[in-house]
Amino acid sequence: MKKIVITGMGIVCPVGTGVDFAWANLLKGKSGIRKITEFDTTDIASKIAGLPQRGTEPGEYNPDVVVEPKEQRKMDRNIVYGMVAADEAIRDAGLIDYDGDKTRIGVAIGSGIGGLSTIADTYEDILQHGTRFVSPFFVPKCVINMTSGNVSIKYGFMGPNIAMATACATGTHSIIEGASIIERGDADIMVCGGTEAAVCRLGMTGFSALRALSTRNDDPEHASRPWDQERDGFVMGEGAGVLVLEEYEHAKARGAKIYAEVAGSGMTADAHHITAPAPDGEGGKRSMEMALRSAGLKPSDVDYINAHGTSTGLGDVGELVAVKELFAGTDVCMSSTKSMTGHLLGAAGAIEAIFCALAIRDNIVPPTMNLENPIEEVGDFNLVPNQAQKKTVDVALSNSFGFGGTNASVILKRVK
């Protein structure tokens, strides 16, 4: 089997734009969740979200340096997020001036929902003005594969070009498929990840109708509280995470920086309910078991788990029960970085895989913030409450579970 490694990473997320800025804020326990001011939320139950801070200072989201404002008007916000994260990852991997075979570089950046705000805004325009003024860029702004398409065009990558759409598991599935493409020999390098921009009136109204979102509107920073007795739903987030995956020998030959190995993965289905996870977390457990088998590892080999951990009633319990059963007797710890970022839906898995790679690099695990009154199921299990913990991390596992009962787990391992 080929060894597949991470050689570049890029992030746009509520706690910071740029990997180093986001990671530093995460370790400090800094929240990126705030009240929504971009549109009227008067008639929407949840009025808070995790949103990238726009600006020109380091760590702020400034898309103009990657995509010209004129070009941004042809793209949905999720595409621009993905372009900015991809640019950082590609530069980090040393591929901007790459003079190798670009037919061997592919792109797999997906989204859970795609151009939702573009769809909503265009429909409002039709109601008010008729169909005459619908933009010719409407369809290209909406379809989910256009982030992959735009990245491919901008950087001249002519290998496999695909986009996953598996709800909240999209980012993780994109990494798994990207690694599979390299393993099959169809590419040497894959630019993989997820992007999402569903914080709009339609998106917030839809998720509020599901009663899935937190309504702790007067206390945004403490609204996302996985495994806490006071949790009342997840917090929507926006952004993108992109990783450059590369065949190990190819990466070594060109002197690339290596963060970690993509050592194993698992994918399963609950076959239970369209939105609710199986109460016992059985599907997630099988996904983790599959990832361990494919990596040739035992539960005791895993040092850290970045949980799906959304701050919902059923989801938090199911995942925790599954993890405690599978990892019983080990010293593994688990945290949910969604306590600070919110839930970035299709982008979540990619961003959280990046956090796992950084935990391996720096031997520190990020905290679960707002964990003040743990639910009974926690017991003495280490959920890294409210403060980052120093720990040797040679192996990290990231979980992503999505609507439709889809589950994905990916294992990263230190390259020695």
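Structural data are supplied above this passage.
Residue numbering note: each chain is counted from 1, following its sequence as written. It should be noted that, the model being predicted, local features are given only for residues of pLDDT at least 70 and side-chain atom pairs only at 80 or more, the latter also being counted only at that level, while totals for whole chains, interfaces and linings use all residues. Side-chain numbers come from the whole structure's heavy atoms, not from hydrogens or water.

1. A short note on the pattern of salt bridges
So, point 1. Any carboxyl oxygen of Asp or Glu that lies within 4 Å of a side-chain nitrogen of Lys or Arg is treated as forming a salt bridge with it. Inspection of every chain in the model, using the stated rule, returns 24 salt bridges.
So, point 2. The shortest N-O distance in the salt bridge between Glu 325 and Lys 285 comes to 2.6 Å. Note that Glu 325 is positioned in helix H11 (residues 313-326) and Lys 285 in helix H10 (residues 282-295), a separation of 40 residues in sequence.
So, point 3. Burial classes: relative accessible area under 20% of the type maximum marks a residue as buried, over 50% as exposed, and values in between as partly exposed (1.4 Å probe, protein chains only). On the accessibility criterion, Lys 285 (18% relative accessible area) is buried.
So, point 4. Linking Lys 298 and Asp 301 is a salt bridge whose minimum nitrogen-to-oxygen distance equals 3.7 Å. Per the convention used, a helix needs a DSSP run of H or I reaching at least four residues, while a strand needs a run of E reaching at least two, with both numbered from the N terminus.

2. Things to note about empty space enclosed by the protein
So, point 1. A 1.4 Å probe that fits but cannot get out identifies a cavity on a 1 Å grid over protein atoms alone, an open set with protein on both sides within 12 Å along at least five of seven lines counts as a pocket, and a residue lines either if it has an atom within 4 Å of a point. Grid points are joined across faces, edges and corners, and a volume is the space filled by probe spheres set on the points. A full pass over the atoms with the stated rule returns one cavity of 30 Å³ or more.
So, point 2. In this structure, the largest cavity spans a volume of roughly 30 Å³.
So, point 3. Lining the largest cavity are Thr 337, Thr 341, Gly 342, Leu 344, Ala 348, Ile 351, Glu 352 and Phe 355.
So, point 4. The element best represented in the lining of the largest cavity is helix H13 (residues 348-362), accounting for four residues.
So, point 5. In terms of residue class, the lining of the largest cavity is built from four nonpolar, three polar and one charged. Three categories are distinguished: nonpolar for Ala, Val, Leu, Ile, Met, Phe, Trp, Tyr, Cys and Pro, charged for Asp, Glu, Lys and Arg, and polar for the others, with Gly belonging to the last.

3. A look at the pairing of strand S15 (residues 406-413)
So, point 1. Burial runs high along S15: seven of the eight residues are buried.
So, point 2. Each pair of strands is called paired provided DSSP finds at least two bridges between the two strands. Relative to S15, strand S9 (residues 260-269) runs antiparallel, the two being bridged by eight bridges. When the bridges of S15 are listed, Gly 264 appears paired with Ile 411.
So, point 3. Examined bridge by bridge, strand S14 (residues 395-402) and S15 share eight bridges and lie antiparallel to one another. By the bridge assignment for S15, Leu 397 is matched with Ile 411.

4. Section: the packing of helix H1 (residues 19-27) against H13
So, point 1. Lines are fitted to the C-alpha atoms to define the axes, a helix being fitted only along its stretch in contact, and any angle between axes, read from their N-to-C directions, falls within 0 to 180 degrees. Between H1 and H13, the shortest axis-to-axis distance is 11 Å and the interhelical angle comes to 75°. In this view, H1 runs roughly perpendicular relative to H13, as classed from their interaxial angle. Counted together, Val 19, Asp 20, Trp 23 and Leu 26 of H1 and Ile 354, Phe 355, Leu 358, Ala 359, Arg 361 and Asp 362 of H13 form the full contact between these two elements.
So, point 2. Its residues assigned to classes, the contact of H1 with H13 comprises seven nonpolar, no polar and three charged. Each angle is binned into one of four classes, with values under 35 degrees roughly parallel, values over 145 roughly antiparallel, values of 65 to 115 roughly perpendicular, and all other values oblique. Here, two residues are considered to be in contact whenever any of their heavy atoms come within 4.5 Å of each other.

5. Observations regarding the environment of Ala 350
So, point 1. You can see Ala 350 is positioned in helix H13.
So, point 2. Along the sequence, Ala 350 and Gly 193 sit 157 residues apart, while their C-alpha atoms lie 5.1 Å from each other.
So, point 3. In this structure Ala 350 touches Gly 171, Thr 172, Ile 175, Gly 193, Gly 194, Gly 241 and Leu 243, once residues within four positions along its chain are discounted.

So yeah, pure geometry; function would need other evidence.
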